[in-house]
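# Overview (structure and organization)
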Amino acid sequence: MSDTGIGELTTPLTDNAAQRQFMRHRLVRKVQDNTHFLAMASMVCGLLGFPHYLLDVENNVWLAQLLTYLTFILVSYNLLLENGRTNLAMLTMSLVTISLFVVQLSPYAADFNDTAHLLRISNDLQVHQGSPVVEYAAGALLACLIATSYLFQRSGWLATSQAILYVAVMIPLIPLLGFLCGIARPYGIMSPLTTLSGLLCAFSLLAKHASHPPMSYLLLMDDNGKQIRFSIVFLSFFAIMLARAGVEFGQDMLRALPVVVVVSILAIIYTMTATYYRKGQTSEQIVLPAADMDFASQVETALDNHQFYMVYQPQVDFNTGKLKGVEALVRWRHPEKGIISPDKFIHMAELTGLIVPLGKWVMRTACTQAAQWNHHPVLGKAEIAVNVSALQLQSGTLVEDILQILKETGLPPHRLVVELTESSFVQDDGANLRMMHRLKEAGIKLAIDDFGTGYSCLSYLRDIPGDYLKVDRSFVMELPGHNKAEAVIQAIVSLGKSLDYRIIAEGIENEAQASFLKGIGCDIAQGFLFSKALEAQALQQWVSTHFSAEV
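All figures in this text were calculated on a predicted structure; none of them were measured in a lab.

Turning next to unusual backbone geometry. The peptide bond linking L479 to P480 adopts the cis configuration, its omega dihedral lying at -20 degrees. Within the element layout of this structure, P480 appears in the loop between α19 (473-476) and α20 (483-498). Notably, H306 is not glycine yet its phi reads approximately 60 degrees, a positive angle. With respect to the element layout, H306 can be found in the loop between α12 (290-304) and β1 (308-317). Located in the positive-phi region is D500, a residue other than glycine, with phi close to 65 degrees. Within the element layout of this structure, D500 appears in the loop between α20 and β8 (502-506).

Here the focus is the nonpolar core. F308, L358, L416 and L517 are the most contacted members of the largest nonpolar core, which has 80 residues in total. Sorting elements by how many residues they give to this core places helix α14 (residues 355-372) first, with 10 residues. If you look at the next biggest cluster of nonpolar residues, it comprises 30 residues, including M43, L47, L79 and L199.

This brings us to the confidence of the model for the protein. A residue-level look at the protein finds 63% of positions with pLDDT of 70 or above and a mean pLDDT of 75. Counted against residues more than four places away or in other chains, residues 118-131, with its pLDDT under 50, gives 12 contacts. Predicted confidence is poor over residues 280-286, with pLDDT under 50, and the contacts of this stretch with residues over four places away or in other chains come to 8 contacts.

This part covers empty space enclosed by the protein. Applying the stated criterion across every chain yields a total of 4 cavities of 30 Å³ or more. Sorting the residues of the lining of the largest cavity by element identifies β2 (323-334), β4 (383-388) and β5 (416-421) as the ones contributing at least two each. In the lining of the largest cavity, the residues fall into 8 nonpolar, 2 polar and 3 charged.

Pairing is possible between side chains of opposite charge, provided their charged atoms come close. Across all of its chains, the model carries 13 salt bridges by this definition. Close ionic contact of K445 with E383 constitutes a salt bridge, the shortest N to O distance being 2.4 Å. Taken together, the residues span a long stretch of sequence, with K445 in strand β6 (residues 445-451) and E383 in strand β4 at a distance of 62 residues. Residue classification places E383 among the buried residues on the basis of a relative accessible area of 8%. A salt bridge links R473 to E506, with the shortest nitrogen-to-oxygen separation between them at 3.9 Å. Here R473, found in helix α19, pairs with E506, found in strand β8; they are 33 residues apart in sequence, far enough to count as distant.

Turning to the packing of aromatic side chains, a few remarks are in order. Per the stated rule, a full pass over the model turns up 6 aromatic pairs. The interplanar angle of 50 degrees and the centroid separation of 6.1 Å between the aromatic rings of F152 and W157 together place this pair among those described as tilted. Accessibility expressed as a relative area gives 27% for F152, which makes it partly exposed. Relative to W373, the ring of Y312 has its centre 5.5 Å away and its plane inclined at 75 degrees; by these criteria the two rings are edge-to-face. Of the two residues, Y312 is situated in strand β1 and W373 in the loop between α14 and β4; the sequence distance between them amounts to 61 residues. With respect to burial, Y312 and W373 carry one shared label: buried. The structure contains a cluster of three or more aromatic residues connected by ring pairs, namely F295, F308, W332 and F345. A cation over an aromatic ring shows up here: R333 above the ring of Y309, its NZ or CZ 4.1 Å from the ring centre.

Now for the packing of helix α7 (residues 158-170) against helix α9 (residues 192-208). Running from amino to carboxyl end, α7 crosses α9 at an angle of 155 degrees, the nearest separation of the two axes being 10 Å. In terms of their interaxial angle, α7 and α9 are classed as roughly antiparallel. Relative to α9, the crossing made by α7 is left-handed. For the pair α7 and α9, contact is made by Q162, L165, Y166 and V169 and by L199, A202, F203, L205 and L206, respectively. Tallied by class, the residues present in the contact of α7 with α9 amount to 8 nonpolar, 1 polar and no charged.

With that settled, consider the environment of A137. Locating A137 in the fold gives a position in helix α6 (residues 131-154). Considered as a pair, A137 and T68 are 69 residues apart in the sequence and their alpha carbons are 9.6 Å apart.

On to the packing of α14 against helix α16 (residues 398-409). Put simply, α14 and α16 touch, their axes get as near as 9 Å, and they point 30 degrees apart. By the angle between their axes, α14 is roughly parallel relative to α16. In this structure, the crossing between α14 and α16 has a hand that is right-handed. Between α14, through K360, M363, R364, C367, T368 and A371, and α16, the contact on the second element is made entirely by D401, I402, I405, L406, E408 and T409. Residue classes in the contact of α14 with α16 are distributed as 6 nonpolar, 2 polar and 4 charged.

What counts and how
- Residues numbered from 1 in each chain as written.
- Predicted model: local features only at pLDDT ≥ 70, side-chain atom pairs only at ≥ 80, totals over all residues.
- Heavy atoms only, no water.
- Helix = DSSP H or I, 4+ residues; strand = E, 2+ residues; numbered from the N terminus.
- Core = buried A, V, L, I, M, F, W, Y, C linked by side-chain atoms within 4.5 Å.
- Buried < 20%, exposed > 50% of the residue type's maximum accessible area, 1.4 Å probe, protein only.
- pLDDT = per-residue confidence, 0-100.
- Contact = heavy atoms within 4.5 Å.
- 1 Å grid on protein atoms, 1.4 Å probe; cavity = no way out; pocket = protein on both sides within 12 Å on 5 of 7 lines; lining within 4 Å.
- Points joined across faces, edges and corners; volume = space filled by probe spheres on them.
- Nonpolar A, V, L, I, M, F, W, Y, C, P; charged D, E, K, R; others polar.
- Salt bridge = Lys/Arg side-chain N within 4 Å of Asp/Glu carboxyl O.
- Phe/Tyr/Trp six-rings, centres within 6.5 Å; stacked < 30°, edge-to-face > 60°.
- Lys NZ or Arg CZ within 6 Å of the ring centre and 35° of its normal.
- Axes fitted to C-alpha atoms, helices over the stretch in contact; angles between N-to-C directions.
- Parallel < 35°, antiparallel > 145°, perpendicular 65-115°, else oblique.
- Left-handed = near helix turned anticlockwise from the far one by under 90°.

Listed below in structure tokens is the structure:
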């Protein structure tokens with residue numbers, strides 16, 4: 001296996017829906033990866049603002065501030081624990097707590113405490129006597145909303161949790177919106193640490209489940225997603241401008257304007273996301289379900305952490321009995337779940353666009369291994385077949401990537417077989433065909449994989465400069481005795497032979513299947529009857545055992 005990291009092979013993907021989905025997936029993953037940083041910052045702000053002074057316990061301001069900061073701290077602490085950041089959570093709380101005790105020894109300690117500062121303002125300023133009451137009430141309301149949202153999140157009510165958080169993050173912004181509307185201190189200004197701690201805590205809760213709707217719809221990378229974000233920004237700006245006009249031309253209900261703006265912005269967000277959700281149900285650009293998004297994150301992590309490895313299944317010449325080649329197949333060794341079948345992760349990789357970097361890594365790793373066999377008496381003559389996805393063709397750099405890999409690894413081009421599925425040529429504008437001719441001119445061989453299971457358009461068989469035609473295992477497994485399966489395979493073999501293709505039958509599991517396929521003219525056999533897919537070292541041992549005369 002190559003030592004090159006998958007992350008180094010990842011290139012920007014912008015050409016189609018699946019690639020945009022991959023970009024969005026990476027954006028969501030980055031947001032989720034920053035959850036613990038937001039939670040840490042919330043804890044720090046909460047611990048710094050925590051009212052350590054033993055003020056009058058009957059004072060409502062002190063009690064409200066105590067419960068507010070305690071809520072922010074506990075929710076953030078639990079988020080760190082849920083993300084596996086136990087040591088980080090303990091370290092953050094310990095360091096800030098120790099620093100607070102040091103601060104208490106300072107004669108200026110009261111200046112560091114939000115509650116003391118708030119009480120001093122309420123005693124010194126009589127102009128806004130109602131402001132402190134609204135300030136700690138707003139903080140307490142913010143804490144209640146965050147605690148409620150966290151409980152809903154733990155119970156699996158993620159959409160409801162996010163809806164509550166959308167309201168919560170607007171509470172600290174009401175004074176700012178009032179200021180933008182031209183209203184001086186409409187409700188008083190919440191203390192900076194309360195605002196920061198609350199906002200960071202709310203954002204960390206949103207970031208943790210950024211892959212779930214409706215939050216996920218705000219992160220879409222397609223044209224509809226961009227339209228949502230633009231509409232929200234434009235309409236929010238328009239609402240604020242209307243509020244400013246209201247301030248300029250009238251004084252009635254002046255102090256209610258920020259609330260009106262907040263409600264308008266929330267209505268805009270929910271309207272846009274709900275509209276897109278309904279549209280997305282019938283669109284090809286459907287947002288991945290949360291479970292699939294989580295699995296896609298695991299696939300990308302596996303790419304970065306070298307959890308994928310290669311196995312090779314022998315292909316035997318029916319006529320000579322010699323080893324003709326091997327097919328390179330990718331496998332996933334999950335650190336917790338063990339070996340994961342490619343049937344489970346290949347589809348996800350294609351859906352998200354991860355198949356492009358994964359396919360490039362597979363090509364490089366397979367060619368590197370085959371080049372190491374250059375001097376082996378049997379494997380040094382064998383071809384190596386590598387599957388290529390339709391998305392890799394659409395990336396536009398497939399030919400250059402393959403030629404560069406052959407140059408770097410030293411593998412002769414005639415030993416590489418590029419396998420393509422029928423879907424790669426459906427609705428092709430000619431670009432894929434031109435790439436196939438370039439590969440053929442470089443000496444690389446081509447194979448049509450899984451023939452008969454897709455669109456089976458005969459025109460591309462005529463135009464593609466192919467070498468091999470692979471009969472899908474779904475037909476082989478019904479042999480012998482299934483009249484229709486036998487007829488289909490005979491037709492495929494006859495057609496392929498007339499177009500100068502060599503026929504490969506895969507999925508052969510018993511002698512009866514092998515005998516029938518050899519009898520109708522198949523050239524190459526592949527399946528468990530001969531060998532399962534083996535890792536490189538095991539394959540060499542298998543070759544030494546079965547082809548000892550050649551070695």
